Amino acid sequence: MSSTLTDLSMLELAAKLATREVSSVEATRASLQRITQVDPKVRAFLRVDEAGALRAAEASDARRQSGSPASALDGVPVGLKDIFLTQGVETTCGSRILEGFVPPYDATVVRLLKEAGLPLLGKLNMDEFAMGSSNESSAYFPTHNPWDLTRTPGGSSGGSAAAVAAREVFGALGTDTGGSIRQPAAFTNTVGLKPTYGRVSRYGVIAFASSLDQPGPMARTVADTAALLQLIARHDPLDSTSADVATPDCLTGLEDGVRGLKLGVPREYFTAGMDPEVEGTLRASLEEFERMGATLVDVSLPHTKYALATYYLLASSEASSNLARYDGIRYGQRAKDARGLKELYTQTRGQGFGAEVKRRIMLGTYALSAGYYDAYYLRAQKVRTLIREDFTRAFQQVDALVSPTSPVPAFKLGDKVDDPLSMYLMDVYTLPCNLAGLPGLSVPCGFTQGGLPVGLQILGRPFDEARLLRIARAFEREHDFFRRAVPV
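Report follows, based on the coordinates. Every value quoted in this text rests on a predicted model; they were computed, and no experiment measured them. (Residues numbered from 1 in each chain as written. Predicted model: local features only at pLDDT ≥ 70, side-chain atom pairs only at ≥ 80, totals over all residues. Heavy atoms only, no water.)

## Describing a nonpolar patch on the surface
Judged by side-chain polarity, Ile329, Leu341 and Tyr345 come together as a nonpolar surface patch covering roughly 260 Å² of accessible area. Its place among the elements puts tyrosine 345 in helix α11 (residues 341–352). A relative accessible area of 34% places tyrosine 345 in the partly exposed class. (Patch = residues over 30% accessible without salt bridge, like charges linked within 9 Å, V, L, I, M, F, W, Y side chains within 5 Å. Areas by Shrake-Rupley, 256 points an atom, 1.4 Å probe, with all protein chains shown as cover. Salt bridge = Lys/Arg side-chain N within 4 Å of Asp/Glu carboxyl O. Helix = DSSP H or I, 4+ residues; strand = E, 2+ residues; numbered from the N terminus. Buried < 20%, exposed > 50% of the residue type's maximum accessible area, 1.4 Å probe, protein only.)

## A short note on the sheet that holds strand β7 (residues 262–266)
Taken in spatial order, the 11 strands line up as β1-β3-β2-β4-β6-β5-β10-β11-β9-β7-β8 in an open sheet, and their pairing is mixed. One side of each edge strand has no neighbouring strand; the edge strands of this open sheet are β1 (45–48) and β8 (295–299). Within this sheet the neighbouring strands show an average axis-to-axis angle of 25°, counted without direction. Alignment of strand β5 (residues 191–194) against strand β6 (residues 215–219), held across 2 bridges, turns out to be antiparallel. By the bridge assignment for β6, glycine 192 is matched with methionine 218. (Pairing = 2+ DSSP bridges. Axes fitted to C-alpha atoms, helices over the stretch in contact; angles between N-to-C directions.)

## What about the side chain of serine 442?
Here serine 442 lies in strand β10 (residues 440–447). Residue class for serine 442 comes out buried when judged on its relative accessible area of 0%. Among the polar contacts listed, one links the side chain of serine 442 to the side chain of threonine 405, at a separation of 2.9 Å. (Polar contact = N/O pair within 3.5 Å; in protein donor to acceptor, adjacent residues only side chain to side chain.)

## Looking at the nonpolar core
Grouped together as the largest cluster of nonpolar side chains are 135 residues, with contacts concentrated most on Leu113, Phe129, Phe289 and Phe391. Contacts of phenylalanine 391, omitting those with residues within four sequence positions, involve Tyr269, Leu301, Leu401, Pro432, Cys433, Ala436, Leu438 and Leu459. Grouped together as the second largest cluster of nonpolar side chains are 5 residues, Ala410, Phe411, Met423 and Met426 included. (Core = buried A, V, L, I, M, F, W, Y, C linked by side-chain atoms within 4.5 Å. Contact = heavy atoms within 4.5 Å.)

## A short note on the pairing of strand β11 (residues 453–459)
Here is the key point about a regular strand: its side chains alternate between the two faces of the sheet. Burial within β11 is extensive, with 7 of its 7 residues counted as buried. Neither face of β11 is open: one carries Pro453, Gly455, Gln457 and Leu459, the other Val454, Leu456 and Ile458, and all of them are buried. Bridge count between strand β9 (residues 400–404) and β11: 4 bridges; the pairing is antiparallel. Counterpart to proline 404 in the pairing with β11 is leucine 456. One ladder, built from 7 bridges, connects β10 with β11; its direction is antiparallel. If you follow serine 442 over to β11, its bridge partner there is glutamine 457. Connecting β10 to the next strand, β11, in antiparallel fashion are 5 residues, including glycine 451 with a positive phi near 85°.

## What about the pairing of strand β4 (residues 171–175)?
Among the 5 residues in β4, 5 count as buried, and that is most of the element. Residues Gly171, Leu173 and Thr175 line one face of β4 and the alternating positions Ala172 and Gly174 line the opposite face, and both faces are buried. Here strand β2 (residues 78–81) runs beside β4; their pairing, made up of 2 bridges, is parallel. Bridge pairing links leucine 80 to leucine 173 in β4. In terms of strand pairing, β4 meets β6 through 5 bridges, oriented antiparallel. Across the sheet, the residue bridging to threonine 175 is proline 215, located in β6.

## Some details on the packing of aromatic side chains
Enumeration according to the criterion identifies 18 aromatic pairs in this entry. Measuring from ring centre to ring centre gives 6.0 Å for tyrosine 326 and tyrosine 331, while their planes differ by 70°; the resulting arrangement is edge-to-face. Among the residues examined, tyrosine 326 registers a relative accessible area of 5% and is labelled buried. Its guanidinium or amino end placed over the ring of phenylalanine 141, arginine 43 lies 3.9 Å from that ring's centre, counting from NZ or CZ. (Phe/Tyr/Trp six-rings, centres within 6.5 Å; stacked < 30°, edge-to-face > 60°. Lys NZ or Arg CZ within 6 Å of the ring centre and 35° of its normal.)

## Some details on the pattern of salt bridges
As enumerated under the stated definition, the model contains 24 salt bridges in all. Measuring nitrogen to oxygen at the nearest pair gives 2.3 Å for the salt bridge that ties glutamate 356 to arginine 359. On the criterion of helical spacing, the pair formed by glutamate 356 and arginine 359 is a turn pair, its members being 3 residues apart in helix α12 (residues 355–368). Two residues, arginine 473 and glutamate 476, come together in a salt bridge whose shortest N-O distance is 3.0 Å. Of this pair, arginine 473 and glutamate 476 both sit in helix α16 (residues 465–476), 3 residues apart, roughly one helical turn. For arginine 473, a relative accessible area of 17% corresponds to the buried category.

Printed below as a string of structure tokens:
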């Protein structure tokens, strides 16, 4: 029973729950059994909340019994990246400095999932404070890619992607600051959606870079991703950047296909250095869109070449400001042998933060310092505007953009950990979307000869997630990638 259940998609399980062919308790126990079976190898979870998940499952079954489910996905177990505040459950953001921190309230998206009746299985591993592209900067341990345990699942939402791919959870939430949902999705044969900035509330999400961070859904299928988005896309007065727009209906037109759509192919996203197998798979995918009735249009995003430098200046600057609150005074870890306030600050931060977080704090502090602010931070903001204008012009010609998600398939754990620049280049195709505040999605589009997943990225206009999901579903319908059995 267990292996059969965990192979179901979220909506397939929801259909069985609706007919009471299966109970939420059965599904939750199946997930917990799967976690026990494979997570010692995958290491996606930082902590499992078995008791809390089973309580929520029992409550869901009672609602189903009375004929009043809280939502279409009531009773479907999911996981949470450890960046979301969860009342009563330790939340560390992958960092030693927050060890022992138990939030007194839920992030808005966590509250929405609870109100919708989804059992929350626990907290998933991540790069410390979401800073990384491989999950190796987690203060606890690296997560392994279920398709090849010697390789990274991507980052920073690598734990979420790995748990979905390994069938430990039916879906998960991650966050995307520069590609941290889409790149792990590409590496693990899953679907990951970064919504438009402001579409999903950031209240209760531990901040990395406040003008870039955006929570989003990760799942095995496009339809599951759409259904999960509809639960969490709500205007939130507790978040000053939350957009007051209607919740999208992403499922109604999901099967409408791509016939008649114009899909832009940014020439700057097909450059030297891309893995030949990734490029070949992407080119074949573009030809499939043409066969399905879409028109491919060559477009240019000329300021893309400045996006990497712009992103790391802005993200690091915002990180240096946001992480100033971790000082050993209010919550989290505190240095035990400090003599005086200054030593307390320096020792707490020195012991609590990892190398990547320290690197970005120092870079951001330098960029914001007197004498350098105009030359670095202010100039980066001006370039960000130019990048956004590039996308605006492109969307005057096309309905969406299609590109690789990552220039390479999943790389070996340890390969790039000592080469920060090489690691940063892993986000070269995903981070312009965050700078412009646009929605972006990664959908599986094939495998390398070595059996590693390849992802196709689709970018759209602000608040046009429904169209991105429709395009992704048209491609998914032609393939069975999401049905492939993962090796673990």
